[in-house]
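Letter by letter, the chains look like this.
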Amino acid sequence: MSKTFWNAIRLSPAVLGAAILVAGSAALAAETPESKIGSEATTAASLDSSTLALSADATTGSSANVNNQGANNTQLAQATPTTQAQPARSLDQINQYVEQGQDMGQVTSVSQLTDVDPTHWAFQALQSLVERYGCIEGYPDRTYRGNRALTRYEFAAGLNACLDRIQELIAAAVADLPSKEDIATIRRLQEEFAAELATLRGRVDALEARTARLEAQQFSTTTKLRGEVIFALAGAFGDSRAVPSPGRPRDRDDDIENNIILADRVRLNFDTSFSGRDLLRTRLQARNITQFDTAGSDNINVTGTNMSRLSFDGNDNNDVVLDDLWYRFPIGKNARAWIIANSGELNDVVNTVRGPFASSSEGAISRFGRFNPLYYLNNTSSSSGAALNLDFGAIGIDAAYLTQNGFDPRDKNGLFNGDYAALAQLVLFPKSNFNIGLTYVRYYSPSGSRLNLTSSTGSGFAQRPFGNVATSSNNFGATLNWRLSKNFVFGGWFGYSIAEAETGLNRGVDIEGANATSINYAVSLGFTDFGRKGNFLGLLAGVPPKVTHNDLDGSFGGRAVDNREDDDTTYHLEAFYRIQATNNISITPGVFVLLNPEHNDNNSTIYVGTIRTTFSF
């Protein structure tokens, strides 16, 4: 057993424990949330005492919600300018007022405003101005805000509206100019509310400057940029590479490739919305994270089993490629449709009911630990198709169809003649703390070279129970996610698959019609805000996809064939701790262990550890 292995075993618990203790004792730097921009605001105006005319620098400003993305456009984001410190309580009151301006309607008498105190001298002054010039605004219920008292800042905003209205009359040179008495009243009101008017003017000036800056710097009026970068320090350890049951590892030239790696994944999402409710996603991706598996896409046999893959792996030698390309749009109030042109994934378009474990960048560190493997079916870099989500409150219904080479018109390709996965799902109570998902996926692959019934999460026999032959499968899943309290989430799933050989030979024997069944399951515990707000501790235990029965068990139809049934059981144990260092940076140390990998107790235990750092912007 190598020194690297022993060192990793000794150090991995200490690293994880130290990370948890440090996170529990350290304090995050305080970050100021970005202030919301209200829908309407007005600036103050002042009178020139020598000319009895309004000053020329008095303006009426308006602000737009520059971050408005619509009810369903949840993914749009953009790098945000640094904000100033939180204003005093007075500015908070102004914010409340200006954010509600869109709900105001014109009134013609101040006596209609039921929350203005008529005993105050300013009431009589404001009444005279309102009834003469019709210049104040109030809510449809004739109050500023229900039955609460009118604040000085709300009063100042109303006064400011009257000042603006009088300025318009003077500029238009109408006959009904303000009288000397009105001018005197305005002066007195200005003196009384000078501080509030000045604060309003400064607030609106700042909003206008900020809006102008955002408009000048924004990437596009319809497209927002969202980025994510992962740095991963990772390694796999064990005595030898795993082999299928009931085989035994060879004594030589079969060591696990156990050198530590430092690799990365970069994603840039260009999210475009044309109506505020739709979303066009265009993603560029570059990555070089080695898959800890058999000789997969990068042709490196690291561990001899797909069970040891990381959730965020994939190696394109850091070439920039087009990844996700899809368009999502609403149909009425309860439906949403997807058109997927490239790199479609079922887990992107339906609810996996896995909560904080599902994300590849912030959730489980293993590929198996994210969700039921049936959501991976036919998820390839070239998959295309469509999906539909129906939302009926307590019930959600999903349907999806993905094909692997929909762009290829040749035989065993195209939209309906090649590899495909068709999903139907019922989700109970999707908006509550208790969610249940019941899922069915029909999968078919006419080409043995592309066949992958477990999407590289289980044993080699479960992936291809009959070898490289055309195969179909019916896959069933039940998933539970239960938030028992604010800081504790319990979840898990069970999966069951029935596969059938559509054509093919095994040792010269026609095996068409042969059947095999496989299962997988997992239980998870999640602790939110563990040690510190924003952190998350995840624990998971389960059994990766395993062939429990196969007609190819050494004989088929009285003739000798391969035995492709898993004899033993692999146990997957996982722990990870996400430390939310800042709003945009998280650090996740984690480890998972495979006991009896490849469902073969002749194989030695495999350990996989990583420290995943995620930057989002």
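Residues numbered from 1 in each chain as written. Predicted model: local features only at pLDDT ≥ 70, side-chain atom pairs only at ≥ 80, totals over all residues. Heavy atoms only, no water.

So what exactly am I meant to see when it comes to the nonpolar core here?
Most often, soluble globular proteins keep nonpolar side chains buried together rather than apart. Judged by nonpolar contacts, the single largest core of 33 residues is most densely connected at F466 and I511. Residue assignment for this core shows that the elements contributing at least two residues are strand 10 (335–342), helix 7 (346–349), strand 12 (395–403), strand 13 (420–428), strand 14 (434–445) and strand 16 (488–501). Each residue touching F466, except ones within four places of it in the same chain, is listed here: T471, A499, E500, A501, N506, I511, A514, N515, A516, N550, L552 and R564. If you look at the next biggest cluster of nonpolar residues, it comprises 26 residues, including I256, A263, A364 and V608. (Core = buried A, V, L, I, M, F, W, Y, C linked by side-chain atoms within 4.5 Å. Buried < 20%, exposed > 50% of the residue type's maximum accessible area, 1.4 Å probe, protein only. Helix = DSSP H or I, 4+ residues; strand = E, 2+ residues; numbered from the N terminus. Contact = heavy atoms within 4.5 Å.)

How do you make sense of unusual backbone geometry when you look at a structure like this?
Excluding glycine, residues mostly carry a negative phi; peptide bonds, for their part, are mostly trans. The omega torsion of the bond from S245 to P246 falls at 5 degrees, within 30 degrees of zero and hence cis. Locating P246 in the fold gives a position in the loop between strand 5 (223–237) and strand 6 (261–272). At K412, a position not held by glycine, the phi torsion is positive, near 60 degrees. Here K412 lies in the loop between strand 12 and strand 13. At N596, a position not held by glycine, the phi torsion is positive, near 60 degrees. Mapping N596 onto the fold places it in the loop between strand 24 (585–595) and strand 25 (606–616). The class for N596 is partly exposed, based on a relative accessible area of 23%.

Can you help me understand a nonpolar patch on the surface in this one?
A cluster of nonpolar side chains, namely F231, L233, I260, L262, I587 and I611, defines an oily patch on the protein surface of about 530 Å² accessible area. Inspection of the secondary structure puts I260 in the loop between strand 5 and strand 6. (Patch = residues over 30% accessible without salt bridge, like charges linked within 9 Å, V, L, I, M, F, W, Y side chains within 5 Å. Areas by Shrake-Rupley, 256 points an atom, 1.4 Å probe, with all protein chains shown as cover. Salt bridge = Lys/Arg side-chain N within 4 Å of Asp/Glu carboxyl O.)

Explain the pattern of salt bridges here, please?
Pairs may arise between side chains of opposite charge once their charged atoms sit close together. Under the defined criterion, the tally for this structure stands at twelve salt bridges. In this structure, R410 engages D408 in a salt bridge whose closest nitrogen and oxygen atoms are separated by 2.7 Å. Classification of R410 as exposed rests on a relative accessible area of 59%. Within this structure, R241, D254 and E257 form a network of salt bridges that share partners.

What am I meant to see in the packing of aromatic side chains here?
Aromatic ring pairs are described here by two measures, namely the spacing of the ring centres and the angle between the planes. The full count for this structure, using the stated rule, is 18 aromatic pairs. For the ring pair Y420 and Y444, a centre distance of 6.0 Å and an interplane angle of 40 degrees mean the geometry is tilted. With a gap of 24 residues between them, Y420 in strand 13 and Y444 in strand 14 connect regions that are remote in the sequence. Given the relative accessible area of 23%, Y444 is considered partly exposed. Each ring, one from Y440 and one from F476, has its centre 5.3 Å from the other, and the planes form 45 degrees; the classification is tilted. Here F476 lies in strand 15 (residues 471–485) and Y440 lies in strand 14, a separation of 36 residues in the sequence. Residue classification places Y440 among the partly exposed positions, given a relative accessible area of 28%. For F476, a relative accessible area of 38% gives the class partly exposed. Members of the aromatic cluster, joined through ring pairs, are Y401, F416, Y420 and Y444. The ring of F357 carries the charged tip of R354 above its face, separated from the ring centre by 4.8 Å. When the ring centre of Y376 is taken as reference, the NZ or CZ atom of R367 above it lies at 4.1 Å. (Phe/Tyr/Trp six-rings, centres within 6.5 Å; stacked < 30°, edge-to-face > 60°. Lys NZ or Arg CZ within 6 Å of the ring centre and 35° of its normal.)

The analysis is restricted to geometry; functional conclusions fall outside its scope.
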